[in-house]
Amino acid sequence: VQLVESGGGLVQPGGSLRLSCAASGFTFSTYTMSWRRQAPGKERELVATITSNGGTTNYADSVKGRFTISRDNAKKTVYLQMNSLKPEDTAVYYCTTMTSVGRRWGQGTQVTVSS
């Protein structure tokens, strides 16, 4: 199982970023995928989840209406579109899924929201 995130960076408050997570080594289209984040000094928290066929999504209250999770099963990729970014969104963002051998994580991508 390999998950590789990309798309992070430095953005001003109110700006947008699109994160991508490329998956390999497992049957991507059958797994629920999630994005989680960890800010300095804080616990890792769930940001958004999408079911295997993309039919159901869930979001943390803190990002509802601003973030959108989506997936392309043909490309084995899950996305996180982040709009109206706030300084409190600054964190390392991880792509993750629960497999038969435990939860698997990508290496993370840094998102910094600052003027």
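Each chain carries its own residue numbering, running from 1 in the written order of its sequence. With the structure being a predicted model, the display of local features is reserved for residues of pLDDT at least 70 and the display and counting of side-chain atom pairs for 80 or more, all residues being used for whole-chain, interface and lining totals. To get the side-chain values, take all heavy atoms of the structure and skip hydrogens and water.

**Student:** What's the story with the nonpolar core in this structure? I'm lost.
**Tutor:** Burial of nonpolar side chains together is a common tendency in soluble globular proteins. Working definition of a nonpolar core: buried Ala, Val, Leu, Ile, Met, Phe, Trp, Tyr and Cys residues. They are joined through side-chain atoms within 4.5 Å. Partly exposed describes any residue whose relative accessible area lies between the buried limit of under 20% and the exposed limit of over 50%, with all areas from a 1.4 Å probe on protein chains only and scaled to the type maximum. Core analysis: the biggest nonpolar cluster contains 27 residues, and W35, V78, L80, M82 and Y93 have the highest contact counts within it. Strands are runs of DSSP state E lasting at least two residues, helices are runs of H or I lasting at least four, and both sets are numbered from the N terminus onward. Element by element, the count of residues in this core is highest for strand β3 (residues 17-24), at 4 residues. Ignoring sequence-local partners within four residues, the contact set of V78 consists of L19, S20, C21, F28, M33, W35, I50, I69, S70, R71 and C95. Any two residues having at least one pair of non-hydrogen atoms within 4.5 Å are treated as being in contact.

**Student:** What is the right way to look at the environment of V1 in this model?
**Tutor:** Counting through the fold element by element, V1 comes out in the segment before β1 (2-6). Along the sequence, V1 and G25 sit 24 residues apart, while their C-alpha atoms lie 4.3 Å from each other. Setting aside chain neighbours within four positions, we find V1 in contact with S24, G25, F26, T99 and R104.

**Student:** Just to check I follow, could you spell out the pattern of salt bridges for this structure?
**Tutor:** A side chain of one charge can pair with a side chain of the opposite charge when the charged atoms of the two come close. In what follows, salt bridge is the name for a side-chain nitrogen of Lys or Arg lying within 4 Å of a carboxyl oxygen of Asp or Glu. Applying the stated criterion across every chain, the model contains 4 salt bridges. With its nearest N and O atoms 2.6 Å apart, the salt bridge here joins E45 to R37. In this structure E45 comes out as partly exposed when scored by relative accessible area, which is 33%. The class of R37 is buried, set by a relative accessible area of 6%. A salt bridge links D89 to R66; the shortest N-O distance between them is 2.7 Å.

**Student:** Looking at this structure, how should I read unusual backbone geometry?
**Tutor:** Peptide bonds are mostly trans, and most non-glycine residues show a negative phi. Here K76, not a glycine, exhibits a phi torsion of approximately 55 degrees, which is positive. Topologically, K76 is positioned in the loop between β7 (67-72) and β8 (77-82). The phi dihedral of S84 falls on the positive side, at around 50 degrees, and the residue is not glycine. On the secondary structure map, S84 appears in the loop between β8 and β9 (91-99). With relative accessibility at 41%, the residue S84 sits in the partly exposed group.

**Student:** Just checking my understanding: could you explain the sheet that holds β1 for this structure?
**Tutor:** Working definition: the strands of a sheet are paired by backbone hydrogen bonds and lie parallel or antiparallel to each other. Taken in spatial order, the 4 strands make up an open sheet running β1-β3-β8-β7, and their pairing is antiparallel. If you trace the sheet from one side to the other, it starts and ends with β1 and β7, each paired once. Between one strand and the next, the sheet's axes are offset by a mean angle of 15 degrees, whatever the strand orientation. Two elements, β7 and β8, share 6 bridges in a ladder whose sense is antiparallel. Paired with I69 across the strands is L80, a residue of β8. Between any two strands, pairing holds if DSSP finds at least two bridges. To define axes, lines are fitted to C-alpha atoms, for helices over the stretch in contact only, and angles between the resulting N-to-C directions are given on a 0 to 180 degree scale.

**Student:** Even after reading the chapter, I still don't get the state of the cysteines, so can you show me in this structure?
**Tutor:** In a disulfide, the sulfur atoms of two cysteines are held together by a covalent bond. When two cysteine sulfur atoms lie within 2.5 Å, the pair is treated as a disulfide. Going through the model one piece at a time under the given rule, you end up with 1 disulfide. What pairs with C21 in a disulfide is C95, and their sulfur atoms sit 2.1 Å apart. Around the S-S axis, the bridge from C21 to C95 shows a dihedral of about -75 degrees and counts as left-handed. Placement of the pair is C21 in strand β3 and C95 in strand β9, with a sequence separation of 74 residues. In terms of burial, C21 and C95 fall into one category: buried.

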